[in-house]
Number of protein chains: 2
Amino acid sequence: MQPDTVVKNAFVYNTFTQTFEKKHVYIAEGKFYHISLDELECENVIDATGKYMIPGLIDIHMHIESSMTIPTEFSKAVLRHGTTTVVADPHEICNVKGIEGIESYMSQDTVLDIFYGIPSSVPSTNRDLETTGGCILPQNVSRLVNNPKVLCLGEVMNFNDLTKDGDSLTRNIISVCQHYDRAMLIEGHCPKISGLDLSKYLYYGVDADHTMQSPESIYEKITNGMFMEIQRKSLSKENVDVLVSHRFYEYFALVTDDVSADHLALGHLNENVRLAHQLGMPMEQAIYCATYTPARRMHLIDRGTIAPGKLADFILLDNVEEFVISAVYKKGVSVTQLHETSASFPESFYHTICCPMAEEEDFDIVCDTDRPYVVCNVIEIDPHAYFTKRVRMEVPVADGKLQWEKTDLALLTVFERYTGKKSVAYALVKNTLKRGAVGSSWTHDHHNVMVMGRNKKDMKLVQNAIVENQGGYAVADGEIKAFASLQVGGIVSDKPLEQLAESLCNVRNELTAVGYDHDNSVMSFATLSLPVSPEIKVTDKGIVDTYSQKIIPLWEK
Amino acid sequence: MQPDTVVKNAFVYNTFTQTFEKKHVYIAEGKFYHISLDELECENVIDATGKYMIPGLIDIHMHIESSMTIPTEFSKAVLRHGTTTVVADPHEICNVKGIEGIESYMSQDTVLDIFYGIPSSVPSTNRDLETTGGCILPQNVSRLVNNPKVLCLGEVMNFNDLTKDGDSLTRNIISVCQHYDRAMLIEGHCPKISGLDLSKYLYYGVDADHTMQSPESIYEKITNGMFMEIQRKSLSKENVDVLVSHRFYEYFALVTDDVSADHLALGHLNENVRLAHQLGMPMEQAIYCATYTPARRMHLIDRGTIAPGKLADFILLDNVEEFVISAVYKKGVSVTQLHETSASFPESFYHTICCPMAEEEDFDIVCDTDRPYVVCNVIEIDPHAYFTKRVRMEVPVADGKLQWEKTDLALLTVFERYTGKKSVAYALVKNTLKRGAVGSSWTHDHHNVMVMGRNKKDMKLVQNAIVENQGGYAVADGEIKAFASLQVGGIVSDKPLEQLAESLCNVRNELTAVGYDHDNSVMSFATLSLPVSPEIKVTDKGIVDTYSQKIIPLWEK
C-alpha cells in the first residue's frame, strides 16, 4: 500500500493531545495512512500551508426530516459546513410511513455518511393519544437491527411506558435490540427528569439525552452515567461553564437535533462548535466533542480522528478561532468534486394526506352550556422555548358555540390525516398569532394536519391548501401568503434545498407578519403537537397533559 | 421496579468526577438502581460504613491458558481479587485444538463474566514456520463472530502478513470481522514497531497493543490513535510518568495478559492497579483505567461504573491507597456465596501429545564438517525480558557431532507433537541452565514439546515424562524433580488451582535450583518458542529470525 494523496504543511489537530502540530498527512485509498514530517512520494499534493486541519464533524443526534428535505439534498447542504457523518433518527418519516419510510431513507445513496437510529417511539405515546401512519413494534426492530447502517435505538421518549410496572412496549423494543447486539446504544429524550426518576430511566439502559439542559441537569445526568448531547438551545454560558469547569469533555458531544431548511444555508454543526467556543469552551475541546466523542459514543471506530487507518474525512480551516472553513474533504476528496445521485421515493409517498376538504363550520366549536362563558384549558406558548404552559381562561359562549374569534386566543385544529375520516381535535392558544392562520402537515411527531388561526376563513384556506398540495407549511391572511410544499410523505420536499429554503423563509416572514413571536416560529408551531414535550400539547385525539399522559377537555364542564 | 439491596454509607467512586462521595447505592435484580442519599426500603442491607466502593475490575487483554487452568478454576481465583469481567483470547487452546478448542472454553459456565476475542493468528506465523494442532481461517471467524460472547478480534501478531502486498490471510480475517460487525475491535501485538511501520499496522484497523512499552512507544502509539493495554511488565516509573503527565487516561487500560497459576493466589489485575499507583498514578485514575476505559474500549456498555442501569459488580475496599479488598460482589451478590458449576471437556482433549518416545540419541546433533568447531546461531536469554538476542558462538565438533555438552550452552529441542511423526528441531541457548533439564508442552503458541538441558539423560527424562503424562511442565536433575501435570490439550490442568499452583511452584523452585536465572523463569522458557517476539526463537521447524520471518541454520556452513 502506497499513499496517493498528501496534505502538506497543515497544522494538524491531534485528538489525543488536543493540540495542533505542523505535519504532512498522507492518505491512501480514502483513509489516513501516515501523519509525520516524513517525505513520501504522492500523486496528489494538497498544499495546506497556513491552514488548520481537523477531522470532519460528526453529528450523532439529528433528524433529516426536521430540515424538511431528503437525504441527498441534506448531504449537499451540510458537507460544505464540514459535517461528514451523521446519525439520523428517521422517526418523522416513520410516523407517516412506518418501516417503509425508514427504509426509503436508508436506501438513498449520499456522499455524506448517514447512519441511523431505529425510531423507538412511534407513535411518541400510544394509539389512544395520537393517530399515526406507522408504528414501531418489536418485530420491526428485529428487521432493522442488523442493517449495517443502524447504530442505535433512537430517542426513547415515553418515560411513563419505559418505567411503568407490567408489560412495556418500550422495554420490549430495548430487549430486542440488546438481544441482537449487546453493544447497541439506547438514546434518550428526558427533559426535566431528575432524581429517582432519572435513575429509573437510566436503569433500563437509556443513557443519552439531547433535550434542553440546565447546569444542574448536566451535572446530575453526567455523574449518573448519562451521555449528554448538547444542541444549540442547550449552549448557554452557564451550561458551557459546567462542562468546562468539570472537564466533562469525554461525556458529551455537540449535536444539532433539528435545523430548519432555511437555516442550513448558514451552517450546521460548525455553528455549534463556534458558539461553544464563544461561550468559553477552548476550541480544541469543542472540536474534540464534535469529532471524537460522538464517534466513540456511536462505536464508529473507523473515524473521528486524524490517525492512520481512520477515514480521511477532514476540514481545512483558514482560521481556527473563528472556525472559518476553507475546504472539506470526504474520504480524501474535496466535496466540491463529489456529486449526489438522484433521490427516488415510491409513488405512494406522494399521496399521504387523506383528509376530506374542510368547510368553515369545521372550525366552529359546539358548546352545550347555558352559561355565558366556560373555563377553558389553554396552551400558552413560551417565545423562547418549545415547552408550553397550561393556563385556565374564561371564553364566551353564544348560540351554542364557543366565541373564540372574539378573544385574543387562536383556535388550533388537528385534522387526522391517515384514515380518510373527518376527525378534528380542537385547542385554544395564547401568545400567538395576531391575525390570519398558519398550518402544516409537518407536526411533531404524528404529522396530522394542524392549523392555528384567528378566523375561520383563513384557517379553511390553509387547511385545504395543505390537503390539495398533499403536504406543506402555509400562512394565510385573507389569502395564502406563503406556502412551502412538502410532498414526500407530506413532510419533506424532494426539490432543491434552495427552493425549499426560500419558500420556508417566506413562511417564517409571513408568520412574523401575522404576529407569531418566537425565536424559531416554524419549529415552535410544529412542536405544539408533540405529546411528550412539557406540558400541554395537542394531537388529533385532543389536548394532552404531557405529564399525566391523559387527554384533558377543552373546557371544564 | 423496586430495589432489593442497598449498600449503605460507602464512599462511592464516581467515574465521571473521579472522586469518592458518601452515598447509598441501591441495587435491583443485579443492576445498580439509584445512587443517592435518599432512604428507600430494601430487603438486604449491606453496611459499608467506612468502606470505599468501586466498580469490579475489567481485564480486557488476557489469556486464561496462561494460568494453565480452565475457566471455572480461573473464575474462582480472580473474583476474590476483584476482577469481575475479562476478555480472554483463547489462542493457546486454539493452537492445540482449533475452533473446537475455542468453543470448549466458551461453553463453560462461570460466575466471572468471560468474553472472548477470536484468535486472529493461529498459527502465529504460518505452516512453514510452525506446526500447530489448529488454525484460524476466515470461515472459522465467520462462525464465531456473531457469538454474543465475542467482543473483538484477538491480537494480530503477524506484522509481515498484515502489511505485505498481495493476498494476506490476516487482512482477510479482519475483513470478515468488519463485514459482520463494523464496530468490532481489532486487537494488536506490535512490539518495537514505530514510525511508518506503526502507521501501516494501524492502517489496516489494528489499533490496540499490549506488548512491552517504553515512554516513547506509549507517546507515539497513543498520539497515532492506538489504545494502550498496559500490563505489569510495562508498569515502570518512566511509563507511568508519560501516562500521567499527558493525562492519557482515556486511551489506556490496565491489563494482565499472562498470570502464572502460582501467582493467581497472590493477586490479579488488582496488583497492577496498586503498582500503577505506587509508581505515581493517582489511585482514582488507576481505578478508572481498570474499570471504565477497558469497558468502553470493548463496548461493554452495561458495566464499568457505579451508575444506574449498570451491572452491580463492585468491590468494597478497606483502604483505597493500599487497595485492600474487603469484599467483592458480582451482580449484587457476594462472590463468597456464588459457586462454580463443574467443568467438562471432550475426552479427545486428554490425548493430544502424539510424539514417539525419545531416545538419548535424539539429543545428538550430527555435524558434517571437517573443522574442529562451527559458528552457531545461539539464542541469548535476557533475564529481565522475554525478548532474546541472536549471538554467534563457536562450538566444538568431534566424531561428526556438535559437542554441545562440553560448552556452557544448553541444547534446546522441539519435538513436533501433532502428527505422530518424530520430527525434532534443535537450537543452542546462552544464559540459562547450569545443569539438568526443563521441558514443557506449554510452549507459546504452537505448544510442541520443548526441552532444554545440559545433558541428554535429563532431557530424555523430561521429554518422556511429558509424553507419558499427555502434557506437563517438568524439571529433571538426575531424576524428575518437579512435574506440573497439564492434561487438557497438554497445556492446562482441570485440577483445583491450588494443586496446580503447588506443582508449578515446585517447577519454579527447581528451575532456580538448576540455575535458570529469570524474573519469571516459567514464562521465559515457554516464550523461547514464540516466533513473533523479538528476535530469535525456535519452533518444530527450526530457529526463526523473528524480524525476517525466516528459518536460520543452527550452524553456519
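How each quantity is defined
Residues numbered from 1 in each chain as written. Chains lettered and ligands numbered in written order. Predicted model: local features only at pLDDT ≥ 70, side-chain atom pairs only at ≥ 80, totals over all residues. Heavy atoms only, no water. Contact = heavy atoms within 4.5 Å. Buried area = accessible area lost by both parts, 1.4 Å probe. Salt bridge = Lys/Arg side-chain N within 4 Å of Asp/Glu carboxyl O. Polar contact = N/O pair within 3.5 Å; in protein donor to acceptor, adjacent residues only side chain to side chain. Helix = DSSP H or I, 4+ residues; strand = E, 2+ residues; numbered from the N terminus. Buried < 20%, exposed > 50% of the residue type's maximum accessible area, 1.4 Å probe, protein only. Axes fitted to C-alpha atoms, helices over the stretch in contact; angles between N-to-C directions. Parallel < 35°, antiparallel > 145°, perpendicular 65-115°, else oblique. Left-handed = near helix turned anticlockwise from the far one by under 90°. Nonpolar A, V, L, I, M, F, W, Y, C, P; charged D, E, K, R; others polar. Pairing = 2+ DSSP bridges. Phe/Tyr/Trp six-rings, centres within 6.5 Å; stacked < 30°, edge-to-face > 60°. Least-squares fit on C-alpha atoms with pLDDT ≥ 70 in both. Arc of directions from axis to C-beta. Right-handed = clockwise from strand over helix to strand, strands pointing away.

1. Structural notes on the interface of chain A and chain B
Thought 1: Of the residues lining the interface, 51 residues belong to chain A; the matching set on chain B comes to 50 residues.
Thought 2: Summed over both sides, the interface of chain A with chain B buries roughly 4,000 Å², with 55% coming from carbon and sulfur.
Thought 3: For chain A, the biggest contributors to the area lost against chain B are Phe16(A), Arg182(A) and Tyr203(A); these three give 21% of the whole.
Thought 4: The tally of links between chain A and chain B comes to 4 salt bridges.
Thought 5: Arg182(B) is the salt-bridge partner of Asp302(A), the closest N and O atoms lying 3.0 Å from each other.
Thought 6: For the interface between chain A and chain B, the tally reads 16 residue pairs in polar contact (both at pLDDT 80 or more).
Thought 7: Among the secondary structure elements, those contributing two or more residues to the side of chain A that touches chain B are strand S3 (31–36), helix H6 (195–203), helix H7 (215–223) and helix H12 (292–297) of chain A.

2. Considerations on the side chain of Asp364(A)
All names here are of chain A.
Thought 1: One can find Asp364 in the loop between strand S16 (333–334) and strand S17 (373–381).
Thought 2: Among the residues examined, Asp364 registers a relative accessible area of 18% and is labelled buried.
Thought 3: Looking at Asp364, its side chain comes within polar contact range of the side chain of Lys456, at 2.5 Å.
Thought 4: Asp364 has contacts with Lys401, Tyr426 and Lys456, leaving out every residue within four places of it along the chain.

3. Some details on the packing of H7(A) against helix H8 (residues 237–245) of chain A
Residue and element names in this part refer to chain A.
Thought 1: Put simply, H7 and H8 touch, their axes get as near as 8 Å, and they point 30 degrees apart. Relative to H8, H7 is oriented roughly parallel. In this structure, H7 crosses over H8, and the sense of that crossing is right-handed. In contact with Pro215, Ile218, Tyr219 and Ile222 of H7, H8 contributes Glu238, Asn239, Val242 and Leu243.
Thought 2: For the contact of H7 with H8, the residue count by class is 6 nonpolar, 1 polar and 1 charged.

4. Thoughts on the sheet that holds strand S13 (residues 252–254) of chain B
Residue and element names in this part refer to chain B.
Thought 1: Spatially, the 3 strands line up as an open sheet ordered S11-S12-S13, and their pairing is parallel. A strand with exactly one partner marks an edge of an open sheet, and here the two such strands are strand S11 (208–209) and S13.
Thought 2: The pairing of strand S12 (residues 227–230) with S13 spans 3 bridges and is classified as parallel. Paired with Ile230 across the two strands is Leu254, which belongs to S13.
Thought 3: Its contacts with the sheet place helix H10 (residues 283–297) against S11, S12 and S13, and it is angled at close to 115 degrees to S13.

5. Concerning the packing of aromatic side chains
Aromatic rings considered in pairs are described by the distance between their centres and by the relative angle of their planes.
Thought 1: Taken as a whole and judged by the stated rule, the model has 38 aromatic pairs over all chains.
Thought 2: Relative to Phe314(A), the ring of Phe32(A) has its centre 6.0 Å away and its plane inclined at 45 degrees; by these criteria the two rings are tilted. A residue pair is termed long-range when its members are at least 10 positions apart, and Phe32(A) in strand S3 and Phe314(A) in strand S14 (residues 314–319) qualify at 282 residues. In this structure, Phe32(A) and Phe314(A) share a single accessibility class: buried.
Thought 3: Ring centres 6.0 Å apart and planes at 45 degrees place the aromatic pair Tyr219(B) and Phe248(B) in the tilted group. In this pair, Tyr219(B) sits in helix H7 (residues 215–223) while Phe248(B) sits in the loop between helix H8 (237–245) and S13, placing the two residues 29 residues apart along the sequence.

6. Topic: the environment of Gly166(A)
Residues and elements named next belong to chain A.
Thought 1: Within the secondary structure, Gly166 sits in the loop between helix H4 (159–163) and helix H5 (169–180).
Thought 2: Among the residues examined, Gly166 registers a relative accessible area of 57% and is labelled exposed.
Thought 3: Each C-alpha atom, one on Gly166 and one on Glu29, is 53 Å from the other, the two residues being 137 residues apart in sequence.

7. Topic: the relation of the copies chain A and chain B
Thought 1: Superposition of chain A onto chain B requires a rotation of 180 degrees combined with a translation of 0.0 Å along the rotation axis, giving an RMSD of 0.1 Å. Each copy turns onto its partner about a two-fold axis. Residues of chain A ranked by C-alpha distance from the rotation axis are headed by His299(A), positioned 3.7 Å from it.
Thought 2: Both copies contact each other with a shared surface, as 98% of the interface residues of chain A are interface residues in chain B too.

8. Description of H8(A)
Residue and element names in this part refer to chain A.
Thought 1: Among the residues making up H8, those that are buried are Asn239, Val240, Val242 and Leu243. End-on view of H8: buried residues confined to an arc of 160 degrees, all on one side of the axis.
Thought 2: Those residues of H8 hidden inside the fold are in contact with H7, strand S12 (227–230), strand S13 (252–254) and helix H10 (269–278).
Thought 3: In the stretch just after H8, Arg247 is the one whose phi turns positive, near 50 degrees.

9. Things to note about the pairing of strand S7 (residues 83–88) of chain A
Put simply, side chains in a regular strand alternate between the two faces of the sheet.
Residues and elements named next belong to chain A.
Thought 1: With 6 of 6 residues buried, S7 lies mostly within the body of the structure.
Thought 2: Pairing geometry for strand S6 (residues 57–62) and S7, over 4 bridges, is parallel. Across the sheet, the residue bridging to Leu57 is Thr83, located in S7.
Thought 3: Once the chain exits S6 it traverses helix H1 (residues 71–79) before rejoining the sheet at S7, and the crossover so formed is right-handed.
Thought 4: Here S7 pairs with strand S8 (residues 113–118) via 4 bridges, running parallel. Each bridged residue has a counterpart across the sheet, and for Val86 the counterpart in S8 is Ile114.

10. Structural notes on the sheet that holds strand S7 (residues 83–88) of chain B
All names here are of chain B.
Thought 1: Overall, parallel pairing links the 5 strands, which are arranged S6-S7-S8-S9-S10 in an open sheet. Taken across any chain shown, the strands that pair with only one partner, and hence form the sheet edges, are strand S6 (57–62) and strand S10 (185–188). For this sheet, the mean inter-axis angle between neighbouring strands, taken without regard to orientation, is 30 degrees.
Thought 2: Across 3 bridges, the pairing between strand S8 (residues 113–118) and strand S9 (residues 150–156) is parallel. Note on S9: the bridge partner recorded for Tyr116 is Val150.
Thought 3: Here helix H1 (residues 71–79) sits on the sheet and contacts S6, S7 and S8; the angle it forms with S7, its principal contact strand, is near 140 degrees.
Thought 4: Together, S6 and S7 form the strand contacts of helix H9 (residues 269–278), whose direction differs from that of S6 by roughly 100 degrees.

All quantities given are derived from atomic positions and should not be read as evidence of function.
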